[in-house]
Amino acid sequence: METEEAYEQAASACSDLGLVYQNWERKDLARATYLQGLSYPNLGAYAQSLLLINYADFLLGEEEEPEALERLQSATAILAGAKEEEIPLKRRQALQAGIYEKQALIQSELGDYSAALASIENALETSVSYYATNRRREIAKLYNKYGQILVGAEQFEEAVRKHQTAIQCVIPSYQPASINELPSSEQFFAENVILESLEHLANTYMLWHESSKSVELLEYAMSCHQLMYEAEQHLQRIYRYESSKLLNLEESRRRNEQAIRVAYELFRNTGQESYLYQAFVFAERSRSKLLREALQRTQANDLAGLNSQVREEELALQQAVSEAEEERYRLISEEAADTIIQIAETQLLQARDDLYQWVRSLETKFPRYYQLRYADQVPSLVELRERLSS
């Protein structure tokens, strides 16, 4: 018994050390460490399945998909035979959902879309059972991956529906009746999943257009990009650190480039100059936005005549969001009880909503500060022509 426990501890150490070597990009050592752990006899179900999952991740990074798939299948067999006292049901569901998700990714990359769709369905079913609800951002992300697999299989209409369902997971009031019905920006709050889902929708419409040559699909894609800008504004307002803002802005620049391509394609297909103006709007929003953010902050503080109490309120609300985010991620990383994580997520949503409502109130209470600090206006087509002619 003592020898078995020693092997179990050694296997767990190999699993952790393999991850460390992966992060350090010491690939040979990572591979050897995982294989060493798997070579120990009489391993328990949890230690062995975790080793197999981590090793499969490593193999996936090395583009050794067939062997990664075999290792994941072995882990599934072990979990299926594990007793409750070895691996509690909730832990087993969490591990199995992750395995199904990885299998779907590999099968999709190998072009086996039928198997990939079956795997992502299993991942969704297991995850919903684990969380006991589908109103979770984690479930939304799975629906987005489902949609991406369907795009690979060129099942575009069904892919759109999956991305719409992803949005519904975080915005339950959004109930689309057709494939072109998008959420209202009034329903948005600071949530990455909303932005990601809209981007997936835009890409799906664009790829569908390339297959069908329907201009209407391009217009749907453009609508998604316009909504993405609104979703970005919610996220931009809650980022407390400049490094976070920079990452958001780099991603925004990439999305704006895609939006410009869509606008140009619409102009090329319709000849309507209004689409060229849309391209200009996206380019203008992208240009030097980080510099404008710093300038807006300075101007707002210097020129708006804002009292210190209001500035302190702003900082406190931003700090509350940051701390709530950090607490949620800490609880998840420590594998805290699901009920505790749900409480933390509720607190995070409340903190984000408090900040959002406060920012909206500025527009009437302190309009000068709002315009300088938060507004991001682009001149209209008429204003632009007047400036160019003057």
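Being a predicted model, the structure only gives us computed values, none of them experimental.

The rules we used
- Residues numbered from 1 in each chain as written.
- Predicted model: local features only at pLDDT ≥ 70, side-chain atom pairs only at ≥ 80, totals over all residues.
- Heavy atoms only, no water.
- Helix = DSSP H or I, 4+ residues; strand = E, 2+ residues; numbered from the N terminus.
- Buried < 20%, exposed > 50% of the residue type's maximum accessible area, 1.4 Å probe, protein only.
- Contact = heavy atoms within 4.5 Å.
- Areas by Shrake-Rupley, 256 points an atom, 1.4 Å probe, with all protein chains shown as cover.
- Salt bridge = Lys/Arg side-chain N within 4 Å of Asp/Glu carboxyl O.
- Axes fitted to C-alpha atoms, helices over the stretch in contact; angles between N-to-C directions.
- Parallel < 35°, antiparallel > 145°, perpendicular 65-115°, else oblique.
- Left-handed = near helix turned anticlockwise from the far one by under 90°.
- Nonpolar A, V, L, I, M, F, W, Y, C, P; charged D, E, K, R; others polar.
- Expected span 1.5 Å × (residues − 1).
- Core = buried A, V, L, I, M, F, W, Y, C linked by side-chain atoms within 4.5 Å.

Student: When you look at the overall build of the protein chain in this model, what are you seeing that I'm missing?
Tutor: The helix and strand inventory of the protein chain stands at 17 helices and zero strands. For the protein chain, the residues scored as buried account for 46% of the 390 residues in total. Counted over contacts in the protein chain with a minimum sequence separation of 6, partners at least 24 positions apart contribute 64%. Accessible area of the protein chain: about 20,100 Å², with a carbon and sulfur share of 49%.

Student: Help me out: how do you make sense of unusual backbone geometry in this one?
Tutor: What is expected of a backbone is that most residues other than glycine have negative phi and most peptide bonds are trans. Of note, N42 is a non-glycine position whose phi angle comes to about 55°, a positive value. Inspection of the secondary structure puts N42 in the loop between α2 (27–39) and α3 (45–61). Owing to a relative accessible area of 55%, N42 belongs among the exposed residues under this scheme. The backbone phi angle of E154 is positive, close to 60°, even though this residue is not glycine. With respect to the helices and strands, the residue E154 is situated in the loop between α7 (137–152) and α8 (156–170). A relative accessible area of 60% places E154 in the exposed class.

Student: When you look at the pattern of salt bridges in this model, what are you seeing that I'm missing?
Tutor: In this structure the tally under the stated criterion is 17 salt bridges. Residues R71 and E67 are paired through a salt bridge, measuring 3.3 Å at the closest nitrogen-oxygen approach. On the criterion of helical spacing, the pair formed by R71 and E67 is a turn pair, its members being four residues apart in helix α4 (residues 65–81). Accessibility expressed as a relative area gives 22% for R71, which makes it partly exposed. Judged by relative accessible area, E67 falls into the partly exposed class, the value being 26%. Between E157 and R161 there is a salt bridge, with its nearest N and O atoms 2.9 Å apart. Highlighted residues: E157 and R161, both in helix α8, separated by four residues, approximately one helical turn. When its relative accessible area of 39% is taken as the criterion, E157 is described as partly exposed.

Student: Sorry, what's going on with the packing of helix α5 (residues 89–109) against helix α6 (residues 113–131) here?
Tutor: Packed helices, taken two at a time, are described by the angle their axes make and the gap between the axes. Where α5 meets α6, the closest approach of the two axes is 8 Å, and the angle between their N-to-C directions is 160°. As judged from the angle between their axes, α5 and α6 are roughly antiparallel. When the axes of α5 and α6 are compared, the crossing they make is left-handed. Where α5 approaches α6, its residues K90, Q93, A94, Q96, A97, Y100, E101, Q103, A104, Q107 and S108 are matched on the opposing element by Y113, A115, A116, S119, I120, N122, A123, T126, S127, S129, Y130 and Y131. When grouped by side-chain class, the residues that make up the contact of α5 with α6 number eleven nonpolar, ten polar and two charged.

Student: Sorry if this is basic, but what is going on with α6 here?
Tutor: Given 3.6 residues per helical turn, the α-helix brings residues three or four places apart onto the same face. With 19 residues, α6 extends 27 Å between its outermost C-alpha atoms, agreeing within 8% with the 27 Å of an ideal straight helix rising 1.5 Å per residue. Along α6, the positions that sit buried rather than exposed are A116, L117, S119, I120, A123, L124, T126, S127 and Y131. At the exit of α6 stands A132, carrying a positive phi of roughly 65°.

Student: Is there a simple way to think about the environment of L201 in this case?
Tutor: Looking at where L201 falls in the secondary structure, it is placed in helix α9 (residues 192–212). Along the chain, L201 and N180 lie 21 residues apart, while their C-alpha atoms are 9.9 Å from each other. Among residues more than four places away in sequence, those in contact with L201 are V160, H163, Q164, I167, L182 and C224.

Student: Explain the nonpolar core here, please?
Tutor: Across soluble globular proteins, nonpolar side chains show a tendency to be buried alongside one another. Residues L198 and Y205 are the most contacted members of the largest nonpolar core, which totals 55 residues. Examining the composition of this core, we find that ten residues originate from one element, helix α10 (residues 215–238), more than from any other. Aside from chain neighbours lying at most four places away, what touches Y205 is V160, I179, N180, L182, L217, Y220, A221 and C224. If you look at the next biggest cluster of nonpolar residues, it comprises 29 residues, including L43, A45, F58 and I87.

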